[in-house]
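An overview of the molecular structure
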Amino acid sequence: MAGAGRKSFAAAAAAIVLLGIGTPAGSRAADRFNSIADVIPAPAQVLPGRGVFALRTGTKVSIPRDPQAARIGRYFAALLLQTRGTALEVVERTGANPPAGAIVFALVSHRAKPDAGDVRSGPEGYRLDVLPQRVVVSAGDRRGLFYGAVTLWQLCTASAPVHGSITLPALHIVDAPRFRWRGLMLDSARHFQSPAFIMRYIDWMALHKLNVLGWHLTDDQGWRLEIGKYPRLTSVGAWRVPAGRAAARDIDPATARPRLYGGFYTQDDVRRIVAHAQARNVTIVPEIDMPGHATAAIVAYPQLGATNEPPQAVPADWGIYPNLFNVEESTFAFLEDVLAEVMGLFPGEYIHVGGDEAVKDQWKASARVQARMRELGVANEEALQGYFTHRMGEYLRAHDRRLVGWDEILEGGVPADATVMSWRGVQGAIAAAAAGHDAVLSPDPTLYLDSRQGRSPSEPPGRGTVETLADVYHFDPLPGPLAADGRHVLGLQANLWTEHVRTEERAAYMTWPRAAALAEIGWSPPARLDWPDFLARLPAEFRRLSGLGVHYSDDALAPPHTVGPHERHMSQDLKTCTDKLVLSLEDDAPMEGARAVFLIDIMNPCWILPAADLSHGSTLTAAVGQVPFNFQIGKDIEAIKLNAPNTPAGELEVRLDGCQGEPVAVLPLAPAADNDAVTTLPAVPLPGAAGPHDLCFRFTQRTLDPLWALDWVQLLP
Ligand code: ACM
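In short, a report on the structure. All figures in this text were calculated on a predicted structure; none of them were measured in a lab.

1. Describing the nonpolar core
Of all hydrophobic cores here, the largest spans 148 residues; its most connected members are F76, L225, L233, F325 and F346. Of all the elements, helix α4 (residues 142-156) adds the most residues to this core, at nine residues. Beyond its immediate sequence surroundings of up to four residues, F76 is in contact with V61, L88, I103, F105, A149, L152, W153 and C156. Residues W318, L585, L707 and A709 belong to the second largest nonpolar core, which totals 41 residues.

This is how it looks when you write it as structure tokens:
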């Protein structure tokens, strides 16, 4: 390639195409290729060139007349300035030949017949050639050109910043995605994130070639989208009193009532966010959940509900509420009005109508719903949800949109053109594809970003399950029968539910770098997937995330977390006695400032410190807190066994080698009873016992709410 730069720009581009970079075979090639280009997701094809391109302050970025392509060149220059401090000079191309030493952005027309072997075919494909004389980013579509710019930016930020120039080794990349749906879902209903954060989240996605943002805008605990025709959805439905004693005591002087938590996106906010997403090649798929997860809407407009005792306030429990929309014509009219405004705001093809976890108790109990079922000729409540989904599907289809639903929509019958989002494992995708539906894989727990990504006590709250970066990386996007026929698999999506993700910083942390692993398995060809190689590219990824100001997890590269025998064992260092419903829960207090995080099985709050050395006797100290029991778990609540206390405030009981029998130590909870935050209990002696022994920690208490939680224990000689 050394001579190519002496020719004209057009001739050079043609020469590069003629080189016909082939697909290298074998994993050895994959190792080598990925390490040439420190890029995530790994490009489909990379070949080394000869020499280097030196990029320095004032290097020209040559942009074409085409305004969209020009915007991408300017975006690249702005990004490099922001993240590396290198100021480039953006110049509009006038003649055929760009200036020497420039970075050239070019939209090229596909005059040649698309070649099946040319991975650039498809609107997201691009080509990047780094030559000593120039850099050329070319694509047939603005989407591909954008991704070429992203790859170039990653190459420019792969190494630690040094003063002066950025040295790029010469190379040639030909790249295009494996899947067309590479998504993240952000739940803005359970906790609200600011419009500025949503736009930053979109930026970070785009810089990893993720292209779909599923935006969960409505749920039981909040309705977050302004709907002009129904103002109470947000004036009422967007606000709740948080769970717990501390929030109940947090009186707002303006109202003399507990301070409300909430927020919503105005239609102007949404228009700005959508425009921002379009510029970043991200399509937003808004989700309006129905017929379940509808409590906030029903509180705002009780006539939408299916019970004579509709909920009075937007609730703060997590889990599955029984509240469903009813099936009156007026309710369908309401939902169509809402979807009309949604379609007016979101130009993408897909609209998500939820459909998950709609327990049918209220429909079964309602004489009016039962009468409607007979009127509609619908046999049972499952089929009624099918009727519901069909009506929404027809409405969306009449407006040239397509319905997406969670995999439950398969159960009651589903419109032929519906896309199924498989979350209860991958079975929904397999069933959907077998029935001829498109599917997106977003299985719980592997692609559920609210799972913890490590076991360290410094992990923010979330689900107790640990889904590491490696777990996400090793997820197979074409499982089972889909390996043989993956036609209907549109792609992948990782979901960030935010019940336990209260802050924007934590939302970023739960997402990164796991979303980078998702990006790679969604974009890169299977032959390029290589975990050790991905790990080798992680330091550069972390530098880039730092440069972008992303609060990310470094757990994948952190030394293992260990605790000495006489150090504090945080609840995360202990074993839960059972794994029924383990959560990493944040204390509800203090209202301002840092709160403790407890790992707790809410169905059986009980912890084990394994193999404690008690041979010389010990002094035990423990710190405890209380968390609100704000979980809608239906009849499962009856399975929770409480141990009766011996004193009014209850006790923390410690047992040896199992959780039955007489306690070896009892710590009264009276000192902690009135403290909303964490209390260190007075130390107690533990009798000596030869050899290692498991210590079991369990509370006694009369009621579930609040629930006692262990923060840490410490044994001192
Ligand atoms: C879901 O997690 N309920 C889709």
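Having seen the structure, we can now continue with the description.
2. Topic: the state of the cysteines
Applying the stated criterion across every chain yields a total of two disulfides. Paired through a disulfide, C577 and C606 show a sulfur-sulfur distance of 2.1 Å. The chirality of the disulfide connecting C577 with C606 is left-handed, given an S-S dihedral of about -70°. Residue C577 is located in the loop between β26 (575-576) and β27 (582-586), and its partner C606 is located in strand β29 (residues 606-613); the two are separated by 29 residues in the primary sequence. In this model, C659 is linked to C696 through a disulfide, with the two sulfur atoms separated by 2.1 Å. Taking the sign of the S-S torsion, about 110° here, the bridge from C659 to C696 comes out right-handed. In this pair, C659 sits in the loop between β32 (651-656) and β33 (665-668) while C696 sits in strand β36 (residues 692-699), placing the two residues 37 residues apart along the sequence. Summarising the burial analysis for this pair, C659 and C696 share the class buried. What connects to what in the chain, once the bonded cysteines are numbered by sequence position, is 1-2, 3-4.

3. Overview of the packing of helix α5 (residues 195-206) against helix α8 (residues 267-279)
At a closest axis distance of 10 Å, the pairing of α5 and α8 adopts a crossing angle of 15°. Relative to α8, the element α5 is oriented roughly parallel. In the packing of α5 onto α8, the handedness of the crossing is right-handed. Contacts between α5 and α8 involve P195, I198, M199, I202 and D203 on the former and, on the latter, D269, R272, I273, H276 and A277.

4. Notes on the packing of aromatic side chains
As enumerated under the stated definition, the model contains 28 aromatic pairs in all. Plain terms: the ring middles of Y301 and F334 are 6.2 Å apart, the flat faces sit at 50° to each other, and that makes the pair tilted. Of this pair, Y301 sits in the loop between α9 (295-300) and β17 (318-319) while F334 sits in helix α10 (residues 329-345), and the two are 33 residues apart along the sequence. You'll find Y301 and F334 in the same group, each marked buried. Centre to centre, the rings of W531 and F534 are 5.9 Å apart; their planes meet at 20°, and the pair counts as stacked. Of this pair, W531 and F534 both sit in helix α18 (residues 531-548), separated by three residues, roughly a single helical turn.

5. Some remarks on the pairing of strand β28 (residues 597-601)
Most of β28 is tucked away, with five of its five residues classed as buried. Of the two faces of β28, the one lined by V597, L599 and D601 and the one lined by F598 and I600 are each fully buried. Examined bridge by bridge, β27 and β28 share five bridges and lie antiparallel to one another. By the bridge assignment, L585 is partnered in β28 with F598.

6. Some words on the packing of α10 against helix α13 (residues 381-398)
For any two helices packed against each other, one specifies the inter-axial angle together with the distance between the axes. Their axes nearest at 11 Å, the elements α10 and α13 cross at an angle of 40°. Put simply, α10 runs oblique to α13. In this structure, the crossing between α10 and α13 has a hand that is right-handed. Residue-level contacts link E329, F332, L335, E336, L339, A340 and M343 of α10 to Y387, F388, R391, M392, Y395 and L396 of α13. Taken together, the residues of the contact of α10 with α13 sort by class into ten nonpolar, no polar and three charged.

Analysis parameters
Residues numbered from 1 in each chain as written. Predicted model: local features only at pLDDT ≥ 70, side-chain atom pairs only at ≥ 80, totals over all residues. Heavy atoms only, no water. Core = buried A, V, L, I, M, F, W, Y, C linked by side-chain atoms within 4.5 Å. Buried < 20%, exposed > 50% of the residue type's maximum accessible area, 1.4 Å probe, protein only. Helix = DSSP H or I, 4+ residues; strand = E, 2+ residues; numbered from the N terminus. Contact = heavy atoms within 4.5 Å. Disulfide = S-S within 2.5 Å. Axes fitted to C-alpha atoms, helices over the stretch in contact; angles between N-to-C directions. Parallel < 35°, antiparallel > 145°, perpendicular 65-115°, else oblique. Left-handed = near helix turned anticlockwise from the far one by under 90°. Phe/Tyr/Trp six-rings, centres within 6.5 Å; stacked < 30°, edge-to-face > 60°. Pairing = 2+ DSSP bridges. Nonpolar A, V, L, I, M, F, W, Y, C, P; charged D, E, K, R; others polar.

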